[in-house]
Each structure stands twice: as C-alpha cells, then as structure tokens.
Amino acid sequence: MFATAIIIFREVLEASLIIGILAAATREIPGSRRWLLAGILAGLAGAGMVAASTDAIGALADGIGQELFNAIVLGVAVLMLAWHNIWMSSHGAQLAAHAKTLGSEISDGRSECSALLLIVGIAVLREGSETVLFLYGIAASDEGSRSAMLLGGLIGLLGGVAVGYTIYAGLLRLPLRLFFAATGVLVLLLAASMASQAARFLIQADLLPSLGGPVWDSSGILSEQSAMGMLLHSLVGYDSHPAGMQLVFYIGVLVAIAVAMRWVGRVRPAGIAPKAAV
Amino acid sequence: MKYILLFALLLPLAGHAADTDVTLQIKDHRFQPAEIVVPAGKKIRILVENLDTTPEEFESHDLNREKVIAGHGSTTIYIGPLPAGRYTFMGEFHPDSAHGVITAQ
C-alpha cells in the first residue's frame with residue numbers, strides 16, 4: 001500500500017505543482033478558474049485516451065512513438081508557459097494596479113486563458129495517463145491486496161494534491177509585487193524543466209545526440225527518489241544524471257524566455273522585487 | 001512550433017542503427033534476464049517485450065530512461081554509449097519484483 005501511495009504521489013506531484021503555480025499566477029484573470037477546471041477535465045479525458053492507446057502510440061515511428069508524443073506534448077507546454085510568462089510581463093503590472101476592477105479590460109485575456117487550459121490539460125494528460133495505466137494494472141491483477149493498493153493510490157493522490165495546494169496557498173500569501181516575481185520565476189523554471197525532459201525523450205528515441213552521457217552524477221548527494229529530489233525534479237527540473245543536450249535545452253529555454261520577458265518590457269528584474277506596498 | 005520543426009528536421013535521422021541489440025522480457029512482473037552485459041562505449045538498442053497482461057514502466061535513474069510498455073506490448077529503448085559500470089533499472093509499476101541491472105564493460 002505504501003509503495004502504491006509513493007508511485008501515485010510521484011505521478012500526481014508534477015501536475016499538481018503546475019496547476020498550483022498557474023492557479024496562483026492567473027488568479028486575477030477573469031474567468032481563469034473555469035478555464036483551469038476545463039483544463040483538468042480535458043486532461044483527465046485525454047489521459048484515459050492516451051492510456052488506452054499506449055500500444056498504438058508506442059508502435060508509431062518504429063517504436064519511438066511514445067518518446068515523440070511526450071516530446072511534442074512537452075514542447076507545446078513549453079511554448080504555452082513561455083507565452084504565459086511573456087504575456088504576464090506586459091500585463092502583470094496592469095493586473096497588479098487595478099486587480100479588482102479589471103473586468104474584461106484586458107482584451108487578450110481570453111487567449112491567455114486558452115494557454116492556461118492547454119498547459120493544465122497537458123500536465124494532467126501526461127502524468128494522468130501513467131497513473132491510469134498503473135491503476136489499471138492493479139485493478140486487472142487478482143492479488144488479494146488490491147483494495148489496500150487502491151487505498152494507497154488514493155492516499156498518494158491526496159498527498160500530491162495537498163502539495164500543489166500548499167504552493168498555491170503559499171504564493172497567494174506573498175505581497176503582490178513579490179508574488180509576480182515569484183510566479184514568473186517558477187513558471188520560467190517549469191518551462192526550462194519541461195524542455196529538458198523533452199530533450200531526454202528525444203535522446204531516448206535516438207533522435208538527438210546526448211552530448212556527453214551524464215554530465216554529472218549527483219544521485220549520491222540528492223537522489224531523485226528522495227522527497228527533496230522528487231520535489232526539485234518536479235519544480236525546477238532537477239536531474240541527477242543529466243545529458244549535455246538536456247542542459248542545452250534547459251538553459252536555452254530559460255534564457256530565451258527571460259530575454260523575451262525583458263524585451264516585452266515593463267517587467268521588473270525578477271528576484272529584486274522591491275518591498276511591495278500592498 | 002520551432003520544436004515541431006526541429007523534430008521534423010531530425011526525423012530522417014531516426015532509427016539509425018544501434019551497435020548492439022539486446023532483448024529484454026517482462027514476465028510475472030520480473031525482467032528476464034535480470035542482468036544484461038553490454039559493451040561499453042557503444043550505442044545499444046534494447047527491445048523490451050512485455051509478456052504480462054498488465055502495463056509496466058521501464059525506469060532507470062542511472063540511465064535516465066523512462067518508458068511505458070503496454071500489456072502484451074513491446075517497445076524499443078536506446079541507451080548508451082555508456083562508460084563501463086553498473087546501471088540499475090526497475091519496473092516502476094512493480095517495484096517489489098521488477099529489478100535488473102545492465103553492466104557495461
């Protein structure tokens with residue numbers, strides 16, 4: 001039961017953190033809650049479909065369909081996160097200024113909400129499809145411990161959701177200016193982390209060279225199976241054995257989005273947020 | 001978009017031959033063989049066949065690999081070139097029984 005709880009927790013954690021961060025980041029955008037919910041539901045439906053067609057997806061492109069699918073889905077998520085952050089860097093100040101009276105003044109709030117739906121949908125789809133497969137495996141087995149394992153799964157699910165909610169609630173407690181800087185940095189790191197994961201799938205599919213096997217091995221210091229390792233993996237893309245190409249993708253996306261955010265402008269240097277007057 | 005274009009550009013490179021092929025089976029939530037010896041410094045293609053009815057996820061932190069294999073499904077995982085050493089892997093969906101190690105030498 002405990003092992004099951006851990007497995008489900010790991011699968012749920014990443015999606016939950018992404019939802020928590022984005023729910024906080026878009027809190028002032030009108031209608032964002034509905035879009036968020038729609039994203040979760042669409043993601044769950046998609047997860048079921050992806051899980052059901054695992055074999056078909058896997059067989060595509062000479063057996064590397066799963067990697068391609070994951071890499072493309074992650075690539076879309078990176079683009080949407082980039083769009084979100086760049087959009088926020090031009091509208092964030094506006095949102096902060098008249099947080100409550102904004103209404104429908106932001107003309108392209110709608111496209112921002114579609115980006116939100118896609119990001120959340122993709123996060124749930126990816127992590128959800130593995131969870132569905134795992135639970136299907138348990139349900140299909142005739143082990144006597146089935147109900148205990150399903151209970152473990154439920155505990156893992158609740159644990160994962162709790163971590164996501166914690167980061168959401170924590171972010172909302174921040175003073176407004178610090179809040180924009182913090183969510184901006186977190187979304188930036190999520191995007192870089194997903195780009196690195198996409199690179200990993202492309203290396204696994206033998207579509208990209210690894211550029212140096214593992215560049216380092218820090219599993220002795222911080223294992224990805226440890227609680228802190230899991231959290232850092234989901235949050236900032238910590239990898240104990242990264243390939244060189246993963247670092248290229250990580251840093252490339254990080255720099256590209258940060259530069260675009262500055263360029264779109266009116267954004268305060270992240271991290272040096274002045275003490276907010278809230 | 002640029003990533004999708006990137007994939008399209010790289011697709012012709014897909015499936016270029018690995019140096020060594022290895023077959024790995026999953027049966028009763030165990031890997032067979034549980035120990036694989038491969039040459040160091042070469043690219044290796046692992047063909048994984050899942051003989052069980054339930055899905056499994058091949059996972060290795062040492063190798064930085066992760067792939068789901070459907071019940072009664074099969075798949076391909078590329079690894080290497082590896083420096084000589086021991087690399088553990090496991091079936092994430094059955095961590096109690098599904099373990100294995102790849103030795104590169």
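Look above for the structure.
A brief structural summary. Bear in mind that the values here come from a model prediction, so they are computed numbers and not experimental data. (Residues numbered from 1 in each chain as written. Chains lettered and ligands numbered in written order. Predicted model: local features only at pLDDT ≥ 70, side-chain atom pairs only at ≥ 80, totals over all residues. Heavy atoms only, no water.)

Focus on the overall build of chain B
Item 1. From N to C terminus, chain B includes 1 helix and 9 strands.
Item 2. Reading the helices (α) and strands (β) of chain B from amino to carboxyl end gives α-β-β-β-β-β-β-β-β-β.
Item 3. By residue count, 50% of the 105 residues in chain B fall in the buried class.
Item 4. Taking the intrachain contacts of chain B between residues at least 6 apart in sequence as the baseline, contacts between residues at least 24 apart amount to 58%.
Item 5. Carbon together with sulfur atoms contributes 56% to the accessible area of chain B, which is approximately 4,700 Å² in total. (Helix = DSSP H or I, 4+ residues; strand = E, 2+ residues; numbered from the N terminus. Buried < 20%, exposed > 50% of the residue type's maximum accessible area, 1.4 Å probe, protein only. Contact = heavy atoms within 4.5 Å. Areas by Shrake-Rupley, 256 points an atom, 1.4 Å probe, with all protein chains shown as cover.)

Examining the pairing of strand β1 (residues 20–27) of chain B
All names here are of chain B.
Item 1. Sheet topology places β1 next to strand β4 (residues 44–50); 7 bridges connect them, and they run parallel. Across the sheet, Val 22 pairs through a bridge with Ile 46, a residue of β4.
Item 2. Between β1 and strand β2 (residues 30–32), which pair antiparallel one after the other, the connecting turn spans 2 residues, and Asp 28 there sits at a positive phi close to 50°. (Pairing = 2+ DSSP bridges.)

Remarks on the interface of chain B and chain A
Item 1. Listed by partner, the interface residues are 33 residues for chain B and 42 residues for chain A.
Item 2. Linking Asp 206 of chain A and Lys 43 of chain B is a salt bridge whose minimum nitrogen-to-oxygen distance equals 2.8 Å.
Item 3. For the pair chain B and chain A, the number of links is 12 residue pairs in polar contact (both at pLDDT 80 or more).
Item 4. When contributions to the side of chain B that touches chain A are tallied by element, the ones reaching two or more residues are α1 (2–10), β5 (56–60), β6 (65–69) and β7 (74–79) of chain B. (Salt bridge = Lys/Arg side-chain N within 4 Å of Asp/Glu carboxyl O. Polar contact = N/O pair within 3.5 Å; in protein donor to acceptor, adjacent residues only side chain to side chain.)

Some words on empty space enclosed by the protein
Space left empty within the atom packing is revealed by a probe, the size of a water molecule, rolled over the atoms.
Item 1. One pass over the structure, following the stated rule, counts 6 cavities of 30 Å³ or more.
Item 2. Of the pockets and cavities examined, the largest cavity occupies roughly 350 Å³.
Item 3. Along the walls of the largest cavity sit 21 residues, with Arg 10, Glu 14, Arg 200 and His 233 of chain A together with Glu 66 of chain B positioned nearest its centre.
Item 4. A class-by-class count of the residues in the lining of the largest cavity yields 1 nonpolar, 7 polar and 13 charged. (1 Å grid on protein atoms, 1.4 Å probe; cavity = no way out; pocket = protein on both sides within 12 Å on 5 of 7 lines; lining within 4 Å. Points joined across faces, edges and corners; volume = space filled by probe spheres on them. Nonpolar A, V, L, I, M, F, W, Y, C, P; charged D, E, K, R; others polar.)

Structural notes on the layout of surface pockets
All names here are of chain A.
Item 1. Taken as a whole, the second largest pocket encloses approximately 480 Å³ of empty space.
Item 2. When contributions to the lining of the second largest pocket are tallied by element, the ones reaching two or more residues are α1 (2–25), α2 (32–52), α5 (109–140) and α6 (146–173).
Item 3. In terms of residue count, α1 provides more of the lining of the second largest pocket than any other element does, 7 residues in total.
Item 4. Classifying every residue of the lining of the second largest pocket by side-chain character gives 14 nonpolar, 5 polar and 2 charged.

Looking at the sheet that holds β1 of chain B
Within a sheet, each strand pairs with its neighbour through backbone hydrogen bonds, oriented either parallel or antiparallel.
Residue and element names in this part refer to chain B.
Item 1. Read from one edge to the other, the open sheet built from 4 strands follows the order β2-β1-β4-β7, with strand pairing classed as mixed. On the outer flanks of this sheet lie β2 and β7, each paired with one strand and no other. Each neighbouring strand pair of the sheet contributes to a mean axis angle of 25°, computed without reference to strand direction.
Item 2. Pairing geometry for β1 and β2, over 3 bridges, is antiparallel. By the bridge assignment, Ile 26 is partnered in β2 with Phe 31. (Axes fitted to C-alpha atoms, helices over the stretch in contact; angles between N-to-C directions.)

Regarding the environment of Ile 119 of chain A
All names here are of chain A.
Item 1. Topologically, Ile 119 is positioned in helix α5.
Item 2. On the accessibility criterion, Ile 119 (1% relative accessible area) is buried.
Item 3. Beyond its immediate chain neighbours, meaning those up to four positions away, Ile 119 contacts Ile 18, Leu 22, Ala 77, Met 80, Leu 81 and His 84.

Section: the packing of aromatic side chains
Item 1. Following the criterion strictly, the structure yields 6 aromatic pairs over all chains and no others.
Item 2. Centroid distance Phe 134 of chain A to Phe 93 of chain B: 5.2 Å. Interplanar angle 50°. Geometry classified as tilted. Of this pair, Phe 134 of chain A sits in helix α5 while Phe 93 of chain B sits in the loop between β8 (85–91) and β9 (99–104), each in a different chain.
Item 3. Ring geometry for Phe 58 of chain B and Phe 89 of chain B: centres 5.1 Å apart, planes at 25°, overall stacked. Here Phe 58 of chain B, found in strand β5, pairs with Phe 89 of chain B, found in strand β8; they are 31 residues apart in sequence, far enough to count as distant.
Item 4. An aromatic cluster is present here, built from Phe 31, Phe 58 and Phe 89 of chain B joined pairwise through their rings.
Item 5. It is Arg 27 of chain A that lies over the ring of Phe 179 of chain A; its NZ or CZ is 4.1 Å from the centre.
Item 6. Between Arg 200 of chain A and the ring centre of Phe 201 of chain A, over which it is positioned, the NZ or CZ distance is 5.2 Å. (Phe/Tyr/Trp six-rings, centres within 6.5 Å; stacked < 30°, edge-to-face > 60°. Lys NZ or Arg CZ within 6 Å of the ring centre and 35° of its normal.)

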